[in-house]
Number of protein chains: 4
Amino acid sequence: MSLALNKKELAEYMAQVFPQVHRDFEVVELTEETITMRLRVEERHLRPGGTVSGPSMFGLADVCVYALVLARKGRQSLAVTTSSSIDFLRKPEGGADMIAQCKLLKLGRTLAVGDVLMYSEGSDKPVARASMTYSLPPEGSAASAFG
Amino acid sequence: MSLALNKKELAEYMAQVFPQVHRDFEVVELTEETITMRLRVEERHLRPGGTVSGPSMFGLADVCVYALVLARKGRQSLAVTTSSSIDFLRKPEGGADMIAQCKLLKLGRTLAVGDVLMYSEGSDKPVARASMTYSLPPEGSAASAFG
Amino acid sequence: MSLALNKKELAEYMAQVFPQVHRDFEVVELTEETITMRLRVEERHLRPGGTVSGPSMFGLADVCVYALVLARKGRQSLAVTTSSSIDFLRKPEGGADMIAQCKLLKLGRTLAVGDVLMYSEGSDKPVARASMTYSLPPEGSAASAFG
Amino acid sequence: MSLALNKKELAEYMAQVFPQVHRDFEVVELTEETITMRLRVEERHLRPGGTVSGPSMFGLADVCVYALVLARKGRQSLAVTTSSSIDFLRKPEGGADMIAQCKLLKLGRTLAVGDVLMYSEGSDKPVARASMTYSLPPEGSAASAFG
């Protein structure tokens, strides 16, 4: 078990393939089984009342697992989210960045599953919990993961 | 069982409380137990490859159930998403709007649950399925649904 | 699109491969995209207070999607549950059988997803909603779906 | 924050209210935020091929969160499962007991959420991950959590 991409390579590759969103996210820490990701909270991530929106938290969780699969499998890998469950636990603080701690529970031949806890920076009470399942199309396969 | 807000009142109220996002969404049809909602797909909803992003679909499903609870309970109602599950079934088409068909499975005293099927407009194969649970704080209560 | 097994063949095959549980379940109706399944509620399915237990409802939903995949793909097919979400909506009645209505949302090359609504017989208010994702190992593959 | 019931009191109370199932489970460890629970795997928990069944794992996860809420809130507490998501990660071993490690992510006024990792005893690779949401009816309320 080892990383195909280190933290710097991962950040560069994400900036290249996701130009729209990569400025929202920062890879804080990367190991073979975990990733810590920051969502830089800005106006567009907020809901009335100043809390971070549900779609922003969904996106944060999704990026975590995607990035961790990428770091393990390498740039040629394809991975498509197939299912997700999220529990919203507490009101996030709008004035703080969000920090996601993601753990890879499984990286199989065809499926990857990651678990994510999200916090408002500076708090130790989780704001949300998510799990994301990714389908991994066979390497060299032209078929999409939706096949 | 009846609607506290009709389709026009619902759209006006959402425009007022969600100025950031209401232009993305259009209430297509509203009954006491169902709502059909359009996501006007634009550049910012897309991912590389031209497909609608996961967070955009999460947001569409979330808005559906929120709007339906609002239409039933009225403007004074508070509702907070507490949990969600989504299955991504097929690749959405980037060039088409998304149409969500939502059914209210439960509108209880403290919890509401809605089920949502999402389609690329013009197709009858669902792109995603979601269920969203909302917590409904007691009326007149100062306590948040996160309590 | 057609059925590899009809209703009678499906029931016989399930009796053969799941001798422990098949007497709990009855295939009520089968089409290419839907199945209706009865759970014959007995003492062992109940919780104190006389309601049907959560595990029994989980099992009912699981059997529905499994059986529908089997009916479509045939006896040689392998399918393993990989994820599931359930919402419990109302208290089931202990004195009534449970009827599940399952719809196949997707039957792809590697994944199948089904949606299930469960009712206490005689009521039109759903007691629970579930979605189940099955992994379908490549035919002829020795690899398990957990690979 | 403290426990209303210690490990011994919890086990005794569960034996009393769940006579059907308590012999399946053993509280291994209890803290204010975590519980470790053993499922004593017997013939009736197995599926063909000798693996632990999905409903048995669902039941194990459900019991964990229920027991932890009970230990915190006390015997008078009512708690009803309202939603659940499970990811099945690896094939469990039929010949080994299952050990569940559960963490309480939230214990609010009206909702409790717990996260559960399940292992075949002796292995450090999780077999399944679950999250369970419980609705907590107001104390002294005659209304059910399904209200």
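What you see is a predicted model; the values in this text were computed from it and never measured. (Residues numbered from 1 in each chain as written. Chains lettered and ligands numbered in written order. Predicted model: local features only at pLDDT ≥ 70, side-chain atom pairs only at ≥ 80, totals over all residues.)

The next subject is the overall build of chain A. Within chain A, the regular secondary structure consists of two helices and eight strands. Secondary structure elements of chain A occur, N-terminal to C-terminal, as α-β-β-β-β-α-β-β-β-β. Taken over C-alpha atoms, the radius of gyration comes to 15 Å for chain A, in line with the 15 Å a tight globule of 147 residues would show. Taking all 147 residues of chain A together, the buried fraction comes to 51%. Put simply, 61% of the contacts in chain A that link residues at least 6 apart link residues at least 24 apart. (Helix = DSSP H or I, 4+ residues; strand = E, 2+ residues; numbered from the N terminus. Rg over C-alpha atoms; globule rule 2.2 N^0.38 Å. Buried ≥ 20, exposed ≤ 12 C-beta atoms within 10 Å, placed from the backbone. Contact = placed C-beta atoms within 7 Å.)

Bringing the sheet that holds strand β7 (residues 111–120) of chain C into the picture now. Within a sheet, adjacent strands bond to each other through the backbone by hydrogen bonds, running parallel or antiparallel. If you walk across this open sheet you meet the twelve strands as β1(C)-β2(C)-β6(C)-β7(C)-β8(C)-β5(C)-β5(D)-β8(D)-β7(D)-β6(D)-β2(D)-β1(D), and the pairing is antiparallel. Of all the strands in the sheet, the pair left with one neighbour each is β1 (25–30) of chain C together with β1 (25–30) of chain D. Averaged over neighbouring strand pairs, the angle between their axes works out to 20° when direction is ignored. Those strands touched by helix α2 (residues 54–73) of chain D are β5 (80–88) of chain C together with β1, β2 (34–39), β5 (80–88), β6 (98–107), β7 (111–120) and β8 (128–135) of chain D, and its axis lies near 135° from that of β7 of chain D. (Pairing = 2+ DSSP bridges. Axes fitted to C-alpha atoms, helices over the stretch in contact; angles between N-to-C directions.)

Attention now goes to the interface of chain B and chain A. Taken together, the contact between chain B and chain A spans 20 residues of the former and 20 residues of the latter. In terms of residues, the side of chain B that touches chain A owes the most to one element, strand β5 (residues 80–88) of chain B, which gives eight residues. Its residues assigned to classes, the side of chain B that touches chain A shows eight nonpolar, eight polar and four charged. As paired strands, strand β5 (residues 80–88) of chain A and β5 of chain B are joined by five bridges and run antiparallel to one another. Along β5 of chain B, the bridge assignment pairs S85 of chain A with S85 of chain B. (Nonpolar A, V, L, I, M, F, W, Y, C, P; charged D, E, K, R; others polar.)

This part takes up helix α2 (residues 54–73) of chain A. All names here are of chain A. Taking 1.5 Å of rise per residue, the 20 residues of α2 would be expected to cover 28 Å, and the 29 Å separating its terminal C-alpha atoms lies within 8% of that figure. By the criterion of burial, α2 is predominantly enclosed, with 18 of the 20 residues buried. Following α2 by one or two positions, G74 adopts a phi angle in the positive range, close to 95°. (Expected span 1.5 Å × (residues − 1).)

Next up on the list: the environment of D24 of chain A. Residues and elements named next belong to chain A. Structurally, D24 can be placed in the loop between α1 (7–17) and β1 (25–30). Overall, the presence of 19 C-beta atoms within 10 Å leaves D24 in the partly exposed class. Along the backbone, D24 and S56 are 32 residues apart, and their C-alpha atoms lie at a distance of 9.8 Å. When near neighbours in sequence (up to four residues on either side) are disregarded, D24 contacts L39 and R40.

Of the transformation superimposing chain B on chain A, the axial component is 0.0 Å and the angular component is 180°, with the fit at an RMSD of 0.0 Å. Overall, the copies show the geometry of a two-fold rotation axis. By C-alpha distance to the rotation axis, the residue of chain B lying nearest is S85 of chain B, at 2.1 Å. With an isologous cut-off of 70% or more, the 100% of interface residues of chain B that recur at the interface of chain A puts this contact in the isologous class. (Least-squares fit on C-alpha atoms with pLDDT ≥ 70 in both.)

The next thing to look at is the pairing of strand β2 (residues 34–39) of chain B. All names here are of chain B. Only one face of β2 is buried: it carries I35, M37 and L39, and the other face, with T34, T36 and R38, is open. Bridge analysis of strand β1 (residues 25–30) against β2 gives five bridges, and the strand direction is antiparallel. Looking at β2, one finds that E26 is bridged to R38. Hairpin remark: β1 followed by β2, antiparallel, with three residues in the connecting loop. Alignment of β2 against strand β6 (residues 98–107), held across six bridges, turns out to be antiparallel. Within β6, the position partnered with T36 by the bridge is Q101.

Looking at the element boundaries, I86 of chain C is found in strand β5. Under the C-beta neighbour-count criterion, I86 of chain C is labelled buried, with 26 such atoms within 10 Å. For the pair I86 of chain C and F58 of chain C, spaced 28 residues apart in the sequence, the C-alpha separation amounts to 7.7 Å. Look past the residues within four positions of I86 of chain C in its chain and what remains in contact with it is F58, A61, A128 and A130 of chain C together with S83 and S84 of chain D.

For the rest of this paragraph, the subject is the packing of helix α2 (residues 54–73) of chain C against α2 of chain D. It is at 8 Å that the axes of α2 of chain C and α2 of chain D come closest, and there the two elements cross at 145°. Of the two possible hands of crossing, α2 of chain C and α2 of chain D adopt the one that is right-handed. Contact with α2 of chain C, carried on its side by G54, P55, F58, G59 and D62 of chain C, involves G54, P55, F58, G59 and D62 of chain D of α2 of chain D and no other residues of that element. Its residues placed into classes, the contact of α2 of chain C with α2 of chain D shows four nonpolar, four polar and two charged. (Left-handed = near helix turned anticlockwise from the far one by under 90°.)

With respect to the helices and strands, E26 of chain B occurs in strand β1. Separated by 21 residues in sequence, E26 of chain B and L5 of chain B have C-alpha atoms that sit 15 Å apart.

So, about the sheet that holds β1 of chain A. Spatial ordering of the open sheet is given by β1(A)-β2(A)-β6(A)-β7(A)-β8(A)-β5(A)-β5(B)-β8(B)-β7(B)-β6(B)-β2(B)-β1(B), a layout of twelve strands whose pairing is antiparallel. Among the strands making up the open sheet, the edge pair consists of β1 of chain A together with β1 of chain B. Shown here is a sheet whose adjacent strand axes are inclined to one another by a mean of 20°, direction ignored. Inspection of the sheet shows strand β6 (residues 98–107) of chain A paired to strand β7 (residues 111–120) of chain A by nine bridges, in the antiparallel sense. Each residue of the ladder has a partner; that of C102 of chain A, found in β7 of chain A, is V116 of chain A.

As a further point, take the confidence of the model for chain A. Close inspection of predicted coordinates is inappropriate in any region flagged by low pLDDT. Residues and elements named next belong to chain A. Per-residue pLDDT for chain A averages 90, and the proportion of residues at 70 or more is 94%. Averaged pLDDT values for the elements of chain A fall to 84 in strand β3 (residues 46–47) and rise to 98 in β6. Prediction confidence for the complex, expressed as pTM and ipTM, is 0.93 and 0.91 respectively. (pLDDT = per-residue confidence, 0-100.)

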